[in-house]
Amino acid sequence: MVFYIAGGDFSNAGKASSQIKKALKQLNVNAKSIKQIVVAVYEAEVNVAAHAWEGKVTALIGENDIQVIVSDRGPGIEDIQQAMQPGFSTASKEVREMGFGAGMGLSNIEKNTNEMNIESQVGEGTTLKFRCFYS
Amino acid sequence: MKEKTKYHAIKVDAQKCFGCTHCMKICPTEAIRVVNGIAVIDEKRCVDCGNCMRACPVDAFYVEHDELSQIEGFKYRVVLFPSVFIGQFPEIYSESRIYEALLKLGFTHIFEVEQPASWLMESVKQSANDVYDGPLISSFCPAIVRLIQCKYPSLAGNISRRKAPHDLAAHFAIRQLIKSGANENEIGIFYVTPCSAKMAAVNQPVAEKESIVTGIINMKDLYNRIMKLIPAHETINTTEYRKHLSREGILWSLPRGESSWFRKRSMAIDGIHNVVKFLERLENDEVPKLDFLEFKSCNQGCAGGILLTGNRFLTVERLQKRAAAYPRAVQILHDFQEKEAVLEQLVTGEIEPKPVFVLDENRIKALEKMKKINSILCQLPGIDCGACGAPNCHALAEDMVQGKARMTDCIFLQDKYIRMQKIKPEKADKNLERIWGKQRFEADCNKKGGRNEGF
């Protein structure tokens, strides 16, 4: 499954997570795992909408796990370690006023997934990969 | 709890139904297909919300109910009705005259369902402690409870483990009568239902073995009878029957009736399609932290119940006016011992999830089916026309991988196959007949809806 997200388009952030949820439900994945996956995907979608110019979510749904790749063209992350810290945020005032950008995104993704990896080129973009095993 | 088959209140009258697809399109769980020219309800998916009844142009859906003559077998004939029953009458009919007509009809005792509403609401408040994560969801509307069980199983644990209002009223009524010397087996409890969902819930409670109610009366049916019997003037004083009724009780079944009581951070949503949208978000954690959610399947809550007569907004207006004349719940004196005893009966177990949208129990097979659905979807026109007898292209693709439909059910694919000379036109006609019935397209023009009167 592939989804595209435009930068700044918060109203459509959540489309990918909803579709992925629907598929996982049809596969009879347990509710707790679905919730964790959906939360992680949603956070990633919001990240793209909040920071990047455009991005793509690719979900590979397997028998026992799901792999999600979120790649974007955007400003990139200077210090990934710092960005991972709960509460750290570079979100603009406008984004915060919309109720996003609390600095919990990446740490929330990490908390809800089994494996997570971020690669980023400043000025070019970021690729986030994560994997969840169904419990 | 072992369950035989899921009970359903809504049935299709094959004589009236002509397969117009209105119901199929509006069903919130995609439970309806047209087979052989008639709407067929998938029992597993149906939540008895009644939207199909509302959408039907020829009244082909009906609910089974008990005959009023049944009451004659009991010495104590109790009628339980929700306050919205009063709200649907034109204002010239005072509540006491309606009460009088009920007595004339043969009932010996009258209890409005919402009488000790505050008891149950307090108990519902306490049930918030049973929820580990997320908001407490009201168990008030049985269509919503079933919807969550089948479509949002992850939220089943958030539903309040308290019974429905009619259970409260029934237990309350029985205790009151026994206190005044009645023998339990002489009491017949007849519940007047405003909707199909409550009817199903009474006949097959979500987490109970059997219902406490003796019989169910269709509110529409009762309305017509009352209109015939209603006295021109008040002749007896019936206020005694309403001594436990409170302002909050009367408003309980309307939107915000529960949430305004719960306070804290609570929300009220009415209309099952609105509820579906919100549940999707709730399941994704895309909502702020909430304490309590009141969901009602019908727009304007029970005032919009499918078995009510009259306009739902006028019903709400009348009830609000009526409520203003009643005391607040805290001002009504209650017997605490009685309260404890009744509330004990209203606690249920956990609401079990019953997911019905799983493609296959075996995940490898489910994955294969999902891939197949996607490749089928690519070939379907995507206009959700319903001519295949399924509500939309996606539902048809699902039916196909489950072996319930064929590629030729899609009239556009079939047309393509004819052009490619893959199938003969005669065969194509046969296919159409399978969905739409024999001679559907040489319809009888005298039958209602026969020539698409444009509903």
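A.B. asks: Would you take a moment to explain the overall build of chain A for this structure?
C.D. replies: Of regular secondary structure, chain A possesses 5 helices and 5 strands. For chain A, the succession of helices and strands along the chain, N to C, is β-α-α-β-β-α-α-α-β-β. Seen through its principal axes, chain A has C-alpha atoms that stretch 40 × 30 × 25 Å. Across the 135 residues of chain A, 39% fall into the buried class.

A.B. asks: Would you mind going over the overall build of chain B with me for this structure?
C.D. replies: A tally of regular secondary structure across chain B gives 18 helices and 11 strands. Here the C-alpha radius of gyration of chain B, 24 Å, is about what a compact globule of 455 residues would show, namely 23 Å. With the C-alpha coordinates of chain B rotated into their principal frame, the extents come out at 80 × 55 × 40 Å. By sequence separation, contacts in chain B at least 24 residues apart represent 76% of the contacts at least 6 residues apart.

A.B. asks: How do you make sense of the sheet that holds strand β5 (residues 76–81) of chain B when you look at a structure like this?
C.D. replies: Sheets are built from strands paired through backbone hydrogen bonds, the pairs being either parallel or antiparallel. Residues and elements named next belong to chain B. Spatially, the 4 strands line up as an open sheet ordered β6-β5-β8-β9, and their pairing is parallel. Both outer strands of the open sheet, β6 (109–112) and β9 (215–218), are each paired with one neighbouring strand and no more. Sheet twist, expressed as the average angle between the axes of neighbouring strands with direction ignored, equals 25°. Note that strand β8 (residues 187–193) and β9 share 4 bridges and pair parallel. Pairing of Y191 across the sheet is with I216, part of β9. Contacts from helix α8 (residues 196–203) reach β8 and β9, with the element oriented near 150° to β8.

A.B. asks: Can you help me understand the interface of chain B and chain A in this one?
C.D. replies: It is common to report an interface's size as the accessible area lost on association of the parts. Every contact between the two is made by 16 residues of chain B and, on the other side, 16 residues of chain A. Looking at the side of chain B that touches chain A, the elements that each hand over two or more residues are α12 (272–283) and α15 (363–379) of chain B. The dominant element in the side of chain B that touches chain A, judged by the number of residues it contributes, is α15(B), at 5 residues. Tallied by class, the residues present in the side of chain B that touches chain A amount to 8 nonpolar, 2 polar and 6 charged.

A.B. asks: Please explain the pairing of β6(B) as it appears in this structure.
C.D. replies: For a regular strand, the rule is simple: side chains alternate between the two faces of the sheet. Residue and element names in this part refer to chain B. By the alternation rule, side chains of β6 split into H109 and F111 and I110 and E112, which are all buried. One ladder, built from 4 bridges, connects β5 with β6; its direction is parallel. Counted as the bridge partner of L80 is F111 from β6.

A.B. asks: Help me out: how do you make sense of the nonpolar core in this one?
C.D. replies: Grouped together as the largest cluster of nonpolar side chains are 121 residues, with contacts concentrated most on B:V78, B:L80, B:A173 and B:I189. At 7 residues, the largest contribution of residues to this core is made by helix α7 (residues 165–179) of chain B. Every residue in contact with B:I189, bar those within four places of it in the chain, is listed here: B:V78, B:L80, B:A170, B:A173, B:I174, B:I212, B:V213 and B:T214. With 34 residues, the next largest nonpolar core counts A:I37, A:V41, A:V46 and A:A50 among its residues.

A.B. asks: Honestly, the domain arrangement of chain B in this entry has me stumped. Any pointers?
C.D. replies: We note that the domain assignment places domain 1 (10–63), domain 2 (68–344) and domain 3 (363–423) within chain B. Taking the mean C-alpha position of each, domain 2 of chain B and domain 3 of chain B sit 43 Å from one another.

A.B. asks: Sorry if this is basic, but what is going on with unusual backbone geometry here?
C.D. replies: Glycine aside, a negative phi is what most residues show, and trans is what most peptide bonds show. Residue and element names in this part refer to chain B. Here N36, not a glycine, exhibits a phi torsion of approximately 55°, which is positive. Assignment of secondary structure puts N36 in the loop between β2 (32–35) and β3 (38–41). Judged by the 15 C-beta atoms lying within 10 Å of it, N36 is partly exposed. The backbone of R256 sits at a positive phi, close to 75°, despite the residue not being glycine. Examined against the element boundaries, R256 turns out to sit in the loop between α10 (247–251) and α11 (259–262).

So, how was this worked out
Within each chain, residues carry numbers counting from 1 in the order of the written sequence. Chain A is the first chain written and ligand 1 is the first ligand written, with later ones labelled in order. With the structure being a predicted model, the display of local features is reserved for residues of pLDDT at least 70 and the display and counting of side-chain atom pairs for 80 or more, all residues being used for whole-chain, interface and lining totals. Here a helix means four or more residues in a row that DSSP labels H or I, a strand means two or more in a row labelled E, and each is numbered from the N terminus. We call a residue exposed when 12 or fewer other C-beta atoms sit within 10 Å of its C-beta, buried when the count reaches 20 or more, and partly exposed for counts in between; the C-beta positions come from the backbone. Here the radius of gyration uses the C-alpha set of atoms, whereas the globule reference equals 2.2 Å times the residue count to the power 0.38. Here the contact rule is simple: place C-beta atoms from the backbone, and any two residues whose C-beta atoms are within 7 Å are in contact. Two strands form a pair only when DSSP identifies at least two bridges running between them. Orientation is described by axes fitted as lines to C-alpha atoms, over the contacting stretch for helices, and by angles from 0 to 180 degrees between their N-to-C directions. Following the grouping adopted for this structure description, the nonpolar residues are Ala, Val, Leu, Ile, Met, Phe, Trp, Tyr, Cys and Pro, the charged ones are Asp, Glu, Lys and Arg, and the polar ones are all others, Gly among them. Connectivity within a nonpolar core runs through C-beta atoms within 7 Å, and the core itself is a set of buried Ala, Val, Leu, Ile, Met, Phe, Trp, Tyr and Cys residues. Here the limits of each domain have been adopted from an automatic or database domain assignment.

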